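# Structural description and commentary
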There are 2 protein chains.
Amino acid sequence: MSEPASEDDLIATIFAPIAGPGALGLRDDVACFTPPPGCDLIVTNDALVAGVHFLPDDPPASIARKALRVNVSDVVAKGAEPQGFLLAAALPAHIDMAWLRAFAQALGEDARAYGCPLLGGDTVRTPGPMTLSITALGAVPTGRMAARTGARAGDAIYVSGSIGDGAIGLHARLGTAPWAARLGPASRAYLEDRYLTPQPRFALRHAVRDHAHGSMDVSDGLVGDLAKMMRASGAGARVELARAPLSAPAREAIALDDGLFETAMTGGDDYEILCTVAGGDAPAFEAAALSAGVQVTRIGEVTEAGGGIVFLGRDGAEQAFRRPSYSHF
Amino acid sequence: MSEPASEDDLIATIFAPIAGPGALGLRDDVACFTPPPGCDLIVTNDALVAGVHFLPDDPPASIARKALRVNVSDVVAKGAEPQGFLLAAALPAHIDMAWLRAFAQALGEDARAYGCPLLGGDTVRTPGPMTLSITALGAVPTGRMAARTGARAGDAIYVSGSIGDGAIGLHARLGTAPWAARLGPASRAYLEDRYLTPQPRFALRHAVRDHAHGSMDVSDGLVGDLAKMMRASGAGARVELARAPLSAPAREAIALDDGLFETAMTGGDDYEILCTVAGGDAPAFEAAALSAGVQVTRIGEVTEAGGGIVFLGRDGAEQAFRRPSYSHF
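Small disclaimer: the values here were computed from a predicted structure and weren't measured.

## Brief notes about the overall build of chain A
- Looking only at helices and strands, chain A has 10 helices and 11 strands in total.
- With respect to the three principal axes, the spread of C-alpha positions in chain A is 65 × 55 × 35 Å.
- When the 329 residues of chain A are sorted by exposure, 61% land in the buried category.
- Of the contacts made within chain A by residues no fewer than 6 positions apart, 86% connect residues no fewer than 24 positions apart.
- For chain A, the exposed area adds up to about 11600 Å²; of that, 52% sits on carbon and sulfur atoms.
- Each charge class in chain A can be summarised by its mean position, and for the 27 positive and 38 negative side chains these summaries are 3 Å apart.

## A few points about the interface of chain A and chain B
- The partner chain B presents 58 residues to the 58 residues of chain A that form the contact.
- Connecting chain A to chain B are 0 salt bridges.
- At the boundary of chain A and chain B, one finds 10 residue pairs in polar contact (both at pLDDT 80 or more).
- Considering each element in turn, the side of chain A that touches chain B owes the most residues, 10 residues, to strand 2 (residues 39-49) of chain A.
- Considering only residue class, the side of chain A that touches chain B consists of 29 nonpolar, 15 polar and 14 charged.

## Quick notes on the packing of aromatic side chains
Residue and element names in this part refer to chain A.
- In the structure shown here, the tally under the stated rule is 8 aromatic pairs over all chains.
- Consider the rings of Trp99 and Phe103, whose centres lie 5.2 Å apart with planes at 20 degrees: the pair is stacked. Of this pair, Trp99 and Phe103 are both found in helix 3 (residues 97-113), 4 residues apart, which corresponds to roughly one turn of the helix.
- Trp99 sits in the buried class, given a relative accessible area of 15%.
- Summarising the aromatic geometry, the rings of Tyr114 and Phe202 are spaced 5.3 Å apart at their centres and angled 70 degrees between planes, so their arrangement reads as edge-to-face. Of the two residues, Tyr114 sits in the loop between helix 3 and strand 4 (118-125) while Phe202 sits in the loop between helix 5 (185-196) and helix 6 (205-211), which places them 88 residues apart along the sequence.

## Some points on the sheet that holds strand 3 (residues 81-91) of chain B
- Strand order in this open sheet of 5 strands is 1(A)-2(B)-5(B)-3(B)-4(B), and the pairing throughout is mixed. Of all strands in the sheet, those bounded by a partner on one side alone are strand 1 (31-33) of chain A together with strand 4 (118-125) of chain B. The average undirected angle you get between the axes of adjacent strands in this sheet is 20 degrees.
- One ladder, built from 7 bridges, connects strand 3 of chain B with strand 4 of chain B; its direction is parallel. Bridge assignment links Ala88(B) to a residue of strand 4 of chain B, and that residue is Asp122(B).
- Sheet contacts for helix 2 (residues 60-76) of chain B: strand 2 (39-49), strand 3 and strand 5 (131-141) of chain B; angle to strand 2 of chain B, the most-contacted strand, approximately 145 degrees.

## Brief notes about the relation of the copies chain A and chain B
- Between the two copies, chain A and chain B, the superposition gives an RMSD of 0.0 Å; the rotation angle is 180 degrees and the shift along the axis is 0.0 Å. Accordingly, the operation relating the two chain copies is best matched by a two-fold axis. When C-alpha distances to the rotation axis are compared across chain A, the minimum falls at Gly128(A), with a value of 2.3 Å.
- An overlap of 100% is found between the interface residues of chain A and their copies at the interface of chain B, pointing to a shared contact surface.

## Notes on the domain arrangement of chain A
All names here are of chain A.
- Split by domain assignment, chain A resolves into domain 1 (7-141) and domain 2 (148-312).
- Look at where the C-alpha atoms of domain 1 and domain 2 centre, and you get two points 26 Å apart.
- With 23 residues of domain 1 in contact, the opposing surface of domain 2 contributes 20 residues.
- Inspection of the region where domain 1 meets domain 2 yields 2 salt bridges.
- Among the ionic pairs, Asp58 bridges to Arg173, the shortest N-O distance being 2.2 Å.
- Those elements giving two or more residues to the side of domain 1 that touches domain 2 turn out to be helix 2 (60-76), strand 3 (81-91) and strand 5 (131-141).
- If you tally residues by element for the side of domain 1 that touches domain 2, the top one is helix 2, at 9 residues.

## Details of unusual backbone geometry
- Even without a glycine there, the phi angle at Asp269(A) is positive, about 65 degrees.
- Classification of Asp269(A) as buried rests on a relative accessible area of 18%.

## Remarks on the sheet that holds strand 2 of chain A
- Pairing is mixed in the open sheet, where 5 strands are placed in the order 4(A)-3(A)-5(A)-2(A)-1(B). Looking along the sheet, the strands with just one partner apiece sit at the ends: strand 4 of chain A together with strand 1 (31-33) of chain B. On average, each strand axis in the sheet is tilted by 20 degrees relative to the strand beside it, whichever way the strands run.
- Bridge count for strand 2 of chain A against strand 5 of chain A is 11 bridges, and the pairing is antiparallel. Within the sheet, the bridge partner assigned to Val49(A) lies in strand 5 of chain A and is Thr131(A).

What counts as what
- The residue numbering used here restarts from 1 in each chain and proceeds along that chain's sequence as written.
- The order in which chains are written sets their letters, starting at A; the order in which ligands are written sets their numbers, starting at 1.
- Given that this is a predicted model, residues contribute local features only at a pLDDT of at least 70 and side-chain atom pairs are listed and counted only at 80 or more, while totals for whole chains, interfaces and linings are drawn from all residues.
- Side-chain numbers here rest on the full set of heavy atoms in the structure, without hydrogens or water.
- We count a stretch as a helix when DSSP gives it H or I for four or more residues in a row; a strand needs E for two or more, and each element gets its number in order from the N terminus.
- Type-normalised accessible area, obtained with a 1.4 Å probe on protein chains alone, sets the label of each residue: buried when under 20%, exposed when over 50%, and partly exposed for intermediate values.
- Throughout, a residue-residue contact means that at least one pair of heavy atoms, one from each residue, lies within 4.5 Å.
- Per-residue and other accessible areas were derived by the Shrake-Rupley procedure at a 1.4 Å probe size, with only the shown protein chains allowed to occlude residues.
- His is not counted, nor are the chain ends, whereas Lys and Arg count as positive and Asp and Glu as negative.
- Think of each charge as sitting on NZ of Lys, CZ of Arg, CG of Asp or CD of Glu.
- By convention in these notes, a salt bridge is any Lys or Arg side-chain nitrogen within 4 Å of a carboxyl oxygen on Asp or Glu.
- Two N or O atoms form a polar contact when they lie within 3.5 Å of each other; inside protein one atom must be a possible hydrogen donor and the other a possible acceptor, and for residues adjacent in sequence the pair counts only when both atoms belong to side chains.
- Residue polarity follows a fixed list, in which Ala, Val, Leu, Ile, Met, Phe, Trp, Tyr, Cys and Pro are nonpolar, Asp, Glu, Lys and Arg are charged, and the others, Gly among them, are polar.
- Each aromatic pair joins two rings of Phe, Tyr and Trp (for Trp, the six-membered one) with centres within 6.5 Å, and gets the label stacked for planes under 30 degrees apart, edge-to-face for over 60, and tilted for any other angle.
- Strand pairing is assigned whenever DSSP detects at least two bridges linking the two strands.
- Whenever a helix is involved, its axis is fitted only over the stretch in contact; in every case the axis is a line through C-alpha atoms, and angles between N-to-C directions fall within 0 to 180 degrees.
- For the least-squares superposition of copies, only C-alpha atoms count, and only for residues with pLDDT at least 70 in both.
- The source of the domain bounds is an automatic or database domain assignment.

Set out below in structure tokens:
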């Protein structure tokens, strides 16, 4: 059949196969979840709207991965272990069973990869754009969450992976900028995939839990998110943007259009981990990241609040940003 | 100002004042929640779309109450204690700060009334209809959740409050049916309010936890939901619909149009608790409900699966339903 016969059929055929044991086979209105003893629960929610957070004709597997991964990224940035998720899906009438099967298959693969099974949710019709809301649960030993408020003066500031790929990749994908056509095809494909398929730094979660003072994922732009963390922590910072890690394709794009450096620093969609570590603990953190197989780069230091939040540009001079991060409002 | 300046401002001015301690002042990407020891966590999610689950010009306070209460209803129907909720709100551009203030104030009042504080969420823009997704958390002593699968042959079947008010109230509110104009104004106001403002049976949660075998809330229609619970439990049932509790205004509407009896039995939006209790435990359950101040009515018995799910109509004869419950698909 091309159309789901009922919400119950939809749940039984599409979503029950990817559900975890706590989901009660998705036959109840609720999931029942026994939290690991001695742990705090981390709960987080991210909503995605077609035409706003993804393109309506993005492949269903990409939409599924993005919806789950942006939430997994929040959980692991706190040093927590993913435990499961709930999905609220408001579906337009044109979504058929083939689309849903591809969506659920990718969601199920990610759920297994991140140890984060489907626990429940809700499926409703909408006359508007597809809207997906995922609530993810994580567990961390009691009192050990790496909070956004935890940065302390003297900490080293680290960022994982590379910054700016997603923001440059979105522009490349939209295809309107003159530089996009001049990028090597492999670079363009890499950048577009970094936009389309976030890679949460799952492997870094234990290093974060064991070493980070303050931590968050970079989703709205490095400059704005770093400033948010420092304000939440009541701290200042001195950051050398020349040290912000750039991928080779991002460097290639910036060489074609120097304005893309600012795009990279402020554009968002990175899903890298930004965290601070006590100066003396930095070697141990770097070693833990290395053994987890995740590159981390030291980009600056936390200072007293009075020092302000200072970003040094590539020329070594202080740099101000008109629009330090992405905002919906 | 009439427009929120940024998502951060929106969070700080509108939502932070109604947040619970685990919400970390809504300054993190996540909430951190320490589950009560010795408990299972109940997690549930319901999504509401403007034009589908509520009318776009419903008052913001009503929309807020409905969004939270349909979730609280799921939690308390499991015998669990509400712990908090996350809200994902996809907002159209015409929603202004005055609307959001009224919405958040009602949400905050309900959060206090049900001991269910705001823990976190996400606020995004949508070019489509307003879409609200709430994930609620509850806690119940380990292994004590009253599941939809728990009904056993020999159990008495109970339903709380009165059935059909919400479904009849929706029709009255739409104002298209000839009987609506002939209803007394107080009856019409009562029924419309029962549609607009669900009343989760919060006070019944301990009686359910202590006495119910199978339990769920009635949201999609008594007949269909009861059949769902029996199928999930691998049981049959014999139900006398003449015993289904009707409010005086619902009886008044049915006297004007007899077809509304079927609407009442199958229409949904009741948010009453449907549960089964061992025959010998029925007096104790009734006493617990009485002392909680919630009316419960015994409407039938659970039978062996082989007996089928039998609904006896008001004439005592077996009755079949073309459309036993509301379905979006």
